[in-house]
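A look at the structure
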Amino acid sequence: MTNRDGPGTPPAEPKYWVKSVARAADILEILAAPAPGHGLSVTEVAQTCGISKSAAFGTLQTLRSYGLVSDDGEGMNRRYRLGMGLARLGDRARSQVSLRGVAHPVLRELTGATGMASRLAVPEDGHAVVVDQVELDQRVRLDLRMGQRELPHCTGLGKALLSAVPQAEAAAVVERFGLPRRTPRTITDPATFLAHLQDIDRVGYALDDEEDAEGIICIGAPVRDDHGTCVGAISITGLKLGLPAWKYQELGGQVRDAARQISGQLGWVAESV
């Protein structure tokens, strides 16, 4: 990803702008645009970047020596593409990213903004397992334990995770674990629950409105990696007492936006609507 609007656009801090590095980054972005199997000529790269052919050729050859660009053909038919060295660096970058490390600062901000405890969970055997949390500094404390397994059908975290997988996979989880009633508000009909998951996927967040424990609400949203795979979910949890119904949508939007912020830092790019 880039924090610039296009090739040649200076960054927020031009004091640290290195033109040669910027040119190389622009060229890599340009080479990422064509469809698979279609490379670009030196002339096309130069024109798109707004630089001379000699500058484009020199940068391409330098990137090629590091495996970041590949080429095929000869003379006027030579075409350039992204090199497999980028795949190696991508794997390294992915391995260096800690979901918990990326999410924790966002959880702190989310708790501060909503006034509710926030948590991070990862999927495990159809359930959501809490791996991090930010609690409120107050007298009334909720029983939110690290490592706790959240039920998939009646919690904000569990429903958020299930909403992000194919319907057949979600149905298999329902068939395997059932939909045990936790409170009078728990959804226990499979067809109704699967339709509910589609609604969650559409709005981007899941609401547990006293479905797991009476008097408690929880709102969760899925977190995705650079492949679009759901790798976890975050949520906020608090007491329902005195909370107006119209507030749920506002809180849901905040949780959804926080989850997307984390996902973006993991390399996920949201599809344009």
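Described below are features of the structure shown in this document.

Conventions used here
- Residues numbered from 1 in each chain as written.
- Predicted model: local features only at pLDDT ≥ 70, side-chain atom pairs only at ≥ 80, totals over all residues.
- Heavy atoms only, no water.
- Helix = DSSP H or I, 4+ residues; strand = E, 2+ residues; numbered from the N terminus.
- Expected span 1.5 Å × (residues − 1).
- Buried < 20%, exposed > 50% of the residue type's maximum accessible area, 1.4 Å probe, protein only.
- Contact = heavy atoms within 4.5 Å.
- Axes fitted to C-alpha atoms, helices over the stretch in contact; angles between N-to-C directions.
- Parallel < 35°, antiparallel > 145°, perpendicular 65-115°, else oblique.
- Left-handed = near helix turned anticlockwise from the far one by under 90°.
- Nonpolar A, V, L, I, M, F, W, Y, C, P; charged D, E, K, R; others polar.
- Pairing = 2+ DSSP bridges.
- Core = buried A, V, L, I, M, F, W, Y, C linked by side-chain atoms within 4.5 Å.

**Comments concerning helix H5 (residues 99-114)**
Here H5 spans 22 Å end to end across 16 residues, near enough to the 22 Å set by a 1.5 Å rise per residue. Along H5, the positions that sit buried rather than exposed are Leu99, Val102, Ala103, Val106, Leu107, Leu110, Thr111 and Thr114. Looking at the packing, one finds that the buried side of H5 touches strand S3 (117-124), strand S4 (127-134), strand S7 (216-224), strand S8 (230-239) and helix H9 (247-265). Just past H5, the residue Gly115 takes up positive phi, approximately 75 degrees.

**A few points about the packing of helix H7 (residues 167-177) against helix H8 (residues 190-203)**
Two elements in contact, H7 and H8, have axes separated by 11 Å at closest approach and are oriented at 140 degrees. Overall, the two elements H7 and H8 adopt an arrangement that is oblique. With respect to the hand of their crossing, H7 and H8 are arranged in right-handed fashion. Contacts between H7 and H8 involve Gln167, Ala170, Ala171 and Val174 from the former and Pro190, Phe193, Leu194, Leu197 and Gln198 from the latter. Grouping the amino acids of the contact of H7 with H8 by side-chain chemistry returns seven nonpolar, two polar and no charged.

**Notes on the sheet that holds S8**
Spatially, S5-S4-S3-S8-S7-S6 is the arrangement adopted by the six strands of the open sheet, whose pairing is antiparallel. In this open sheet, the two strands that pair with only one neighbour each are strand S5 (149-150) and strand S6 (206-209). Both S6 and S7 contribute to a ladder of four bridges, which runs antiparallel. Residue pairing across strands places Asp209 opposite Ile217, the latter belonging to S7. Sheet strands touched by H5: S3, S4, S7 and S8. Its angle to S3, the strand with the most contacts, is close to 145 degrees. Where H9 meets the sheet, it contacts S6, S7 and S8, and its direction lies at approximately 30 degrees from that of S7.

**Some thoughts on the nonpolar core**
Grouped together as the largest cluster of nonpolar side chains are 24 residues, with contacts concentrated most on Val223, Ile234, Ile236, Val255 and Ile262. Those elements that provide at least two residues to this core are H5, S7, S8 and H9. Once residues lying within four places of it in the same chain are set aside, the contact partners of Val223 are Leu99, Thr229, Cys230, Val231, Gly232, Ala233, Ile234, Ala259, Ile262, Ser263 and Leu266. With 20 residues, the next largest nonpolar core counts Val130, Leu157, Ala160 and Ala233 among its residues.

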